[in-house]
Amino acid sequence: MSTRPTPLPRSDFTWFSDIQTRWSDNDQYGHVNNVVYYAYFDTVVNAFLIGEAGLVPVTGAWMGLVVDTRCSFFAPASYPEPLEAGIAFAESGSSSQRYEIGIFRQGGDTTLAHGHFVHVYVDAASRRPIPLPESLKAAIARAR
């Protein structure tokens, strides 16, 4: 049996983006529902890709398709709490990138939740794998 993950420090992450919780993020227990964290992961990775790596949604030449994801939870968050997401750039394959993502209270020292998100990069038209785009590799190098 594997060891239970523990919260990670802010220093493990190198690129950050703000996340504003929404009313609809809360569940009947009064906290952000676990499935919403996956939407936060998707949002922060795409914010990085669009803002730093030149991804052009809908009409661009390449895109990342999610092939693996995981999340571990440590403390609750609730609307209207502002959060932050941090990314650490883990191993890269010839056509894939693993992003480690942490969700923090704004200015918080340890993750409320963290996990990973793996993209395989594909040609937008054929949906066949392509080498990591040069603009993505450059953005990751700058963010590390």
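Explain the nonpolar core to me, please; I cannot follow it from the model alone.
One recurring pattern in soluble globular proteins: nonpolar side chains tend to sit buried together. Counting 32 residues, the largest nonpolar core has Phe 48, Leu 49, Tyr 99, Ile 103 and Leu 136 as its most contacted members. Elements supplying a minimum of two residues to this core: strand S1 (15-20), helix H1 (34-52), strand S2 (62-73), strand S3 (82-92), strand S4 (96-105), strand S5 (113-123) and helix H2 (134-143). The greatest single-element share of this core, amounting to eight residues, is contributed by H1. What Leu 49 contacts, discounting residues up to four positions off in sequence, is Gly 54, Leu 55, Trp 62, Tyr 99, His 119, Tyr 121 and Leu 136.

Would you mind showing me how to read the pattern of salt bridges here?
It is possible for side chains of opposite charge to pair when their charged atoms get near one another. In total, this model carries five salt bridges according to the counting rule given. Note that Arg 98 is salt-bridged to Glu 100, the shortest N-O span being 2.5 Å. Residue classification places Arg 98 among the partly exposed positions, given a relative accessible area of 22%.

Explain the environment of His 116 to me, please; I cannot follow it from the model alone.
Looking at the element boundaries, His 116 is found in strand S5. Classification of His 116 by relative accessible area gives buried; the value is 8%. Along the primary structure His 116 and Ile 87 are separated by 29 residues, whereas in three dimensions their C-alpha atoms are 9.2 Å apart. Excluding residues that lie within four positions of it along the chain, His 116 makes contacts with Phe 41, Asp 68, Thr 69, Arg 70, Arg 98, Tyr 99 and Glu 100. Here the side chain of His 116 touches Asp 68 through a polar contact of 2.8 Å, side chain to side chain.

Whenever I open this one, unusual backbone geometry confuses me. Can you help?
The bulk of non-glycine residues show a negative phi, and the bulk of peptide bonds are trans. Cis rather than trans, the peptide bond between Tyr 79 and Pro 80 has omega equal to 10°. Inspection of the secondary structure puts Pro 80 in the loop between S2 and S3. Even without glycine at this site, Val 58 takes up a positive phi of about 75°. Positionally, Val 58 belongs in the loop between H1 and S2. A positive phi angle, close to 60°, is found at Arg 127, a residue other than glycine. Mapped onto the fold, Arg 127 is located in the loop between S5 and H2.

Help me understand the side chain of Asp 27, please; the structure alone is not making it clear to me.
For Asp 27, the location among the structural elements is in the loop between S1 and H1. The side chain of Asp 27 is buried and forms no salt bridge, while Arg 22, the nearest opposite charge, is found at 12 Å.

Honestly, the environment of Val 58 in this entry has me stumped. Any pointers?
Owing to a relative accessible area of 85%, Val 58 belongs among the exposed residues under this scheme. The sequence separation of Val 58 and Ala 124 amounts to 66 residues, and the corresponding C-alpha distance is 8.6 Å.

What should I look at first to understand the side chain of Ser 72 in this one?
Structurally, Ser 72 is set in strand S2. With relative accessibility at 5%, the residue Ser 72 sits in the buried group. Setting aside residues no more than four positions away along its own chain, Ser 72 makes contact with Arg 4, Pro 5, Ala 113 and His 114.

Please explain the packing of aromatic side chains as it appears in this structure.
Within a pair of aromatic rings, the relevant descriptors are the distance that separates the centres and the angle that separates the planes. Tallying each qualifying case throughout the model produces ten aromatic pairs. A centroid spacing of 5.5 Å and a plane angle of 85° characterise the contact between Phe 13 and Phe 104, whose relative ring orientation is edge-to-face. Of this pair, Phe 13 sits in the segment before S1 while Phe 104 sits in strand S4; the two residues are 91 residues apart in sequence, bridging distant segments of the chain. Judged by its relative accessible area of 0%, Phe 104 is buried. With a centroid separation of 5.3 Å and 75° between ring planes, the pair formed by Tyr 37 and Phe 73 is classed as edge-to-face. Of this pair, Tyr 37 sits in helix H1 while Phe 73 sits in strand S2, and the two are 36 residues apart along the sequence. For Tyr 37, a relative accessible area of 2% puts it in the buried group. Under the relative-accessibility criterion, Phe 73 is labelled partly exposed at 31%. Feature note: the residues Trp 15, Phe 48, Phe 89 and Tyr 99 constitute an aromatic cluster, connected by ring pairs. Note that Arg 10 overlies the ring of Phe 104, its terminal NZ or CZ placed 4.9 Å from the centroid.

What counts, and at which threshold
Residues numbered from 1 in each chain as written. Predicted model: local features only at pLDDT ≥ 70, side-chain atom pairs only at ≥ 80, totals over all residues. Heavy atoms only, no water. Core = buried A, V, L, I, M, F, W, Y, C linked by side-chain atoms within 4.5 Å. Buried < 20%, exposed > 50% of the residue type's maximum accessible area, 1.4 Å probe, protein only. Helix = DSSP H or I, 4+ residues; strand = E, 2+ residues; numbered from the N terminus. Contact = heavy atoms within 4.5 Å. Salt bridge = Lys/Arg side-chain N within 4 Å of Asp/Glu carboxyl O. Polar contact = N/O pair within 3.5 Å; in protein donor to acceptor, adjacent residues only side chain to side chain. Lys, Arg positive; Asp, Glu negative; His and termini not counted. Phe/Tyr/Trp six-rings, centres within 6.5 Å; stacked < 30°, edge-to-face > 60°. Lys NZ or Arg CZ within 6 Å of the ring centre and 35° of its normal.

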